Amino acid sequence: MSTPLLSMRGITKRFGGVHALRDGNLTLRRGEVHALCGGNGAGKSTILGILMGFHKPDSGTIEIDGAPVHFTTPTQALNAGIAIVQQELSGVPQLSVAENIYLGAEPRHRGFIDFETLNRNAAELLDRLGFDIDPKATLGDLAVATQQLVEIAKALSHGDSDVLIFDEPTSALGEKDVQRLFEVIRELAAAGKGIVYVTHRLQEVFTIADAYTVFKDGETVDEGRVADITREGLIESMIGGAIEGEFVKENVPSEKPLLEVRGVTRAPRVKDISFRLHAGEILGIYGLVGSGRSELLDTVYGLETAQSGSIAVAGKPLAPGNVDDAIRAGLTYVTEDRARSGLVLGASVGANLALSKLRFINRFGFVDERAERDGIATAIEQMNIKTPGPDQIVSFLSGGNQQKVVLGRCTAVDPRVMLLDEPTRGVDVGAKKEIYRFISDFASKNGAVLMVSSDLEEILGMSDRILVLRDGKVACEFPRAGATQKDLMMAAV
Amino acid sequence: MATTRTLKQPFSLKRYGIVVAFLGLCALVSLICQIRVMQGVWPVNVFLTVNNLMLILHQISVNGILAVGMTFVVISAGIDLSVGSVLAFAGMMAASFATRSTGVTPWSGVYFVAIPVLAALATGALCGAANGFIVSRFRIQPFIATLGMLLAARGMTMAVTGGNPISALSPEFRWFGTGRLFDVIPIPVVILAIVFVLAWVLLNKTVFGRYVYAVGGNEKSARTSGINTTSVLMWVYIVAGFLSGVAGIILTAKTGSAQTAAGTAYELDAIAAVVIGGASLSGGVGRLSGTFFGALIIGVMNNGLDILGVESFYQLIIKGALIVLAVIFDSRRQA
C-alpha cells in the first residue's frame, strides 16, 4: 500500500500521574473517512490534542506523508495541513461569514481590513466547497447547520489542509442537516483529503466511515476497515474483554424506597424520568455525554428546577429547585467537576471539609471551632486523606485526595442519599478502590446511592441496578446480575 | 502547624509582608525627618509623636471604616463603587436631623442624637441592601450594580436638600467627629477600633464569615455545599452599606456640615487599602488585618508626604504607583 497521509505510532502521554495515552496509534490515508471510537476517557481527545499541537507527546512518532514531524504549537500543526472543525459552534455571531472564516487572518490594506479582498476570498472559498452561503451574511442569522458549514470553510481557509478533524460534528444538527454534512464530508474525501471523524454515535460510523480505530484506556485496541466489522464487533472492541474483580459492593438493598423520582422533566436534557432508590441500594446511571445524566442529578438536588414531575425523600416531597430543602431531607451531591463545582480550590483542606457542616455546628451564628476542628480531623482520618495538615491548600492535593475531601465534606452532614457524578474520574487506582469501599460502606449502613458513571466496569461492579439514559430518557433498566458491558453500550447508543 | 485555620490562608510570609512594608515606610519617613532635625532645619522629629500618631489614625478613620466593608465585598469576589456616595447620602440624612438651620428639608431640626445616627445607619444599610438585591437576585456584575448606586445615591444626596449643604449641626452630633475619649483618643479612632474588632469577629468567628470566603472562592461549590449564596451576597453588601453610614456620621460630624460632594472618590481609597492589604479582586482571599495595614500605609504616606512638604500632585503619583506595585508584588509571590 502507498504511504499513509498521517501515521501516529506508539504515542504516550501522561498528565500528572495519570496515563492518558499508553499506546496510541492512528493511520489515516488520503480519500478516507476514519472513525475514531471509544468510550469517555479512552484517549481520543488526548491523541487529537497531540495531533493539533495542543499537547506534547511523551514518546512516539508522527509522520505526514512519510516524513516525521514534531508539533509544539497549534500553529505548526495548522501549517502542516492539519485543521479541525470545532465540536461546538465557536464563531462570532455578530460578525459576517467572511469575517468569521478569516478571523485573525484578515487581508489588510495599510492597517485596515481590506473588506473587498476578504469578501472575494470568502466567496471563492465557499464556491469551491460548493456551499451556497452569502459571505456578507451575519453568522448569527444563519441556521445552525449552515454555521457548521462556515466552520468547515474556516478550517479549510488556512491554505489546503490535508487532514481534517471533525469532532462530534452532528451533536447540534438535525437529521436533514446531518445528511448535508455527510455529503460535504464525502466530497472532501473524494477530493483526496483525509478525514478523522470522532463520534459517540455508532450509527454514524457505519454510515460515513471507511476505516476505524478503537481506543480504550489510552490504547489503540483495534483498527480496520468498517466493511469488515459488525456493530457488535465494534462494541466488543470498545469495552474490551476482561473485567477486573476489584469491586466491593456486597450488601443487598431493602425494599424501603428512600428517593422517589416521578416524571421529572427539565428541558432540554431531562425528559420524564422516573425511578425509585431504596435504602441500602446503589443505583447506577449509565449514559453517554449529553444523555442528561448530570442534569438529572442537578435537578434531583435542586440546582436546576424541575419543570414537571415530583421528587420525594422518604415519602416527603421536595420543593423543586431548592437545594436547602434537598439537604435538609438528607441529600448530598458530589459533582462531576471537582474544580468547578466541588471544591473551593484556593481554600484549605479543613475549610473545604467543614463547609457543609458549618450550619450545624454554630451557636447564634458563631462557629463552634472545637467541633469544627474535631470534625475536620475525623474526616481526614476516616477518608484517609493524604495531606500535610488541615491547613494545606486543597488544590495542591492529588486528584484522588481532592475527591476524598469532597466525599468527606458530603458525609460530614450524615446524608441519607448520596448523588455521585463520576466519583472516580481523574483518580488513581489506589484511591479508586478506597472510594469504592467508602461508597459500599455507606450503602451497607442503609444509605442510598445514585451513581452516574461512564466507566462500564465500575458501574457494573458497583450497582445493584442500572438505568441507561439516552437523549434524556430512561432507555433501559438492568438488574445487577443481568447486564453485560455490551448490553449497556447497546442501550446507550 | 497542627491548628486548624479554616477558610484563611495558612501561615506564610505573605501574612507579615505588609507589616514589614508598613514599618519600612514609617522608618523611611522618620529617618528623613530625623535628618532634617540633625541638619537643624526642624527643632523636633514631628513624625514620631503621639499627637501625630493620633492624627494619622484620625485621618484614616473614615477610609478605614469604608475599607472594612470593602474587604467583605472583595472577599466575596465583588466590588462596591457606591460607598463614597452612600456615605454622603447617609451623612446628609443624619445632618438633616441634627441641625439648627430649619427648612433645608421638611423635617430638619435638632432631634435626640440617636435619631440622626439611626437615620445614617438605616440609609447606609438600605442602599447596601439595594446593591445586594441587584447583585444576588439579578446576577448583575457588582461593578455595574454599584456604579448605578454611585450615581443614584449622589443624586439622592442632592435631592434631599435641593442641592444645598446642611450646617450648624448640634454639638451632641458633632461629638462623633470631634470628641475625645479620656481627652486623648479621638472618637472616630475609637469607632474605627470598634468596627475593626466587630468586623473581625464577624469575618473570622461566624458561619457567615466562612461563607463569605467560600462564596468568593467558588460560588458554585458553595452552592453545592448547601450555602444560600444569594443571602450571603445580600448581607455582604448590607455590611458595606451600613459601614458607609457609620463613615458618613463621622465625616459629617468631623467637618461640621453635610456637603453634597462629600466622599467623592472615597471608594477608590477604600479599594486601594483592601488591595494593598493583600485581598484578591478575584475573590476568596483577604484579611482584615491586611486591610488595616493597607489603610495605615495610605495614611502614613499622606501624612508623611504632607509633613515633608511634597506637593499634592506628586502625592497622587506616588500613591498610584504604590497601589499598582503592591498588586504586582502580590501576584508575583502567588505565582
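Residues numbered from 1 in each chain as written. Chains lettered and ligands numbered in written order. Predicted model: local features only at pLDDT ≥ 70, side-chain atom pairs only at ≥ 80, totals over all residues. Heavy atoms only, no water.

(A) Geometry of the overall build of chain A. Secondary structure summary: chain A contains 17 helices and 24 strands in total. Its C-alpha atoms give chain A principal-axis dimensions of about 70 × 55 × 45 Å. Per-residue burial over chain A gives 54% buried out of 493 residues. Long-range pairs, those at least 24 residues apart, make up 66% of the contacts in chain A with a sequence separation of at least 6. Of the roughly 21,300 Å² that chain A leaves accessible, carbon and sulfur atoms contribute 49%. (Helix = DSSP H or I, 4+ residues; strand = E, 2+ residues; numbered from the N terminus. Buried < 20%, exposed > 50% of the residue type's maximum accessible area, 1.4 Å probe, protein only. Contact = heavy atoms within 4.5 Å. Areas by Shrake-Rupley, 256 points an atom, 1.4 Å probe, with all protein chains shown as cover.)

(B) Up close: the UniProt feature "transmembrane region" (unreviewed entry) in chain B. All names here are of chain B. Mapped onto the present numbering, the UniProt feature "transmembrane region" (unreviewed entry) falls on residues 16–33, 53–75, 81–98, 110–134, 140–160, 181–203, 232–251 and 312–329. The span residues 53–75 shows a helical share of 100% and a strand share of 0%, and its end C-alpha atoms are spaced 29 Å apart. From the first C-alpha to the last, residues 81–98 spans 28 Å; its make-up is 78% helix and 0% strand. (UniProt positions renumbered as here; feature names shortened; annotations may be inferred.)

(C) Summary view of the packing of aromatic side chains. All names here are of chain B. As enumerated under the stated definition, the model contains 12 aromatic pairs over all chains in all. Plain terms: the ring middles of W175 and F176 are 5.3 Å apart, the flat faces sit at 70° to each other, and that makes the pair edge-to-face. Judged by its relative accessible area of 17%, F176 falls in the buried class. (Phe/Tyr/Trp six-rings, centres within 6.5 Å; stacked < 30°, edge-to-face > 60°.)

(D) Structural context of the domain arrangement of chain A. Residues and elements named next belong to chain A. Taken domain by domain, chain A holds domain 1 (6–239) and domain 2 (257–492). Computed over C-alpha atoms, the centres of domain 1 and domain 2 are 35 Å apart. Each partner contributes residues to the interface: domain 1 has nine residues there, and domain 2 has 10 residues. Summed over both sides, the interface between domain 1 and domain 2 buries roughly 970 Å², with carbon and sulfur atoms accounting for 66% of that surface. Joining domain 1 to domain 2, the criterion identifies zero residue pairs in polar contact (both at pLDDT 80 or more). No other element matches the six residues that helix α8 (residues 231–239) contributes to the side of domain 1 that touches domain 2. (Domains from an automatic or database assignment. Buried area = accessible area lost by both parts, 1.4 Å probe. Polar contact = N/O pair within 3.5 Å; in protein donor to acceptor, adjacent residues only side chain to side chain.)

(E) Here's a closer look at the interface of chain B and chain A. At the junction of the two partners, chain B supplies 25 residues and chain A supplies 33 residues. Of the roughly 2,500 Å² buried between chain B and chain A, counting both surfaces, carbon and sulfur atoms make up 55%. Counting across the chain B and chain A interface gives three salt bridges. Of the charged contacts, one joins K205 of chain B and E369 of chain A as a salt bridge, the two residues approaching to 3.0 Å between their closest N and O atoms. Taken together, chain B and chain A are joined by 15 residue pairs in polar contact (both at pLDDT 80 or more). Mapped by element, the contributors of at least two residues to the side of chain B that touches chain A are α7 (187–205), α8 (207–217) and α9 (219–224) of chain B. At five residues, α8 of chain B tops the list of elements feeding residues into the side of chain B that touches chain A. (Salt bridge = Lys/Arg side-chain N within 4 Å of Asp/Glu carboxyl O.)

(F) Molecular detail of the packing of helix α2 (residues 50–75) of chain B against helix α11 (residues 266–276) of chain B. All names here are of chain B. Axis separation between α2 and α11 bottoms out at 8 Å; the angle between their running directions is 65°. Classified by the interaxial angle, the pair formed by α2 and α11 is roughly perpendicular. The interaxial crossing formed by α2 with α11 has right-handed handedness. From α2, V62, N63, L66, A67, M70, T71 and V74 reach across to α11, where they touch Y266, E267, D269, A270, I271, A273 and V274. When the residues that make up the contact of α2 with α11 are grouped by side-chain class, the tally is 10 nonpolar, two polar and two charged. (Axes fitted to C-alpha atoms, helices over the stretch in contact; angles between N-to-C directions. Parallel < 35°, antiparallel > 145°, perpendicular 65-115°, else oblique. Left-handed = near helix turned anticlockwise from the far one by under 90°. Nonpolar A, V, L, I, M, F, W, Y, C, P; charged D, E, K, R; others polar.)

(G) The arrangement of the side chain of T260 of chain B in detail. Its location among the elements puts T260 of chain B in the loop between α10 (229–255) and α11. Not counting residues within four places of it along the chain, the set of residues in contact with T260 of chain B comprises A88, M92, R154, T157, M158, G163 and N164 of chain B.

(H) Molecular detail of the sheet that holds strand β18 (residues 331–334) of chain A. Residue and element names in this part refer to chain A. Reading across from one edge, β18-β21-β22-β15-β23-β24 is the order of the six strands in this open sheet, with mixed pairing throughout. Looking at strand neighbours, the two that pair on one side only are β18 and β24 (473–479), the edges of this open sheet. With strand direction ignored, the average angle separating the axes of adjacent strands in the sheet is 20°. Note: β18 against strand β21 (residues 417–421), four bridges, orientation parallel. Residue pairing for β21: Y333 is matched across the bridge by L419. Docked against the sheet, helix α14 (residues 399–411) engages β18 and β21, running at close to 170° with respect to β18. On top of the sheet, helix α17 (residues 485–492) reaches β15 (282–286), β23 (465–470) and β24; it is set at about 30° to β23, its chief contact. (Pairing = 2+ DSSP bridges.)

(I) How the structure looks around α10 of chain B. All names here are of chain B. Between its first and last C-alpha, α10 extends 39 Å over 27 residues, near the 39 Å set by a 1.5 Å rise per residue. Counting buried positions along α10 gives 20 out of 27 residues, so the element sits mostly inside the fold. One or two positions beyond α10, positive phi appears at G256, with a value near 80°. (Expected span 1.5 Å × (residues − 1).)

(J) The arrangement of the sheet that holds strand β16 (residues 308–313) of chain A in detail. All names here are of chain A. Pairing in this open sheet of four strands is antiparallel, and the strands run β14-β13-β16-β17 from one edge to the other. At either end of the open sheet lies a strand with only one pairing partner, and these are β14 (270–278) and β17 (316–317). The sheet strands contacting helix α9 (residues 293–301) are β13 (257–266), β14 and β16, and the helix crosses β14 at an angle near 70°.

(K) Inspection of the packing of helix α6 (residues 171–178) of chain B against α10 of chain B at higher detail. All names here are of chain B. It is the contact of α6 with α10, at a shortest axis distance of 7 Å, that shows an interaxial angle of 105°. Considered as vectors, α6 and α10 are oriented roughly perpendicular to each other. For the pair α6 and α10, contact is made by F173, R174, F176, G177 and T178 and by I249, I250, T252, A253, K254 and T255, respectively. The class makeup of the residues in the contact of α6 with α10 is five nonpolar, four polar and two charged.

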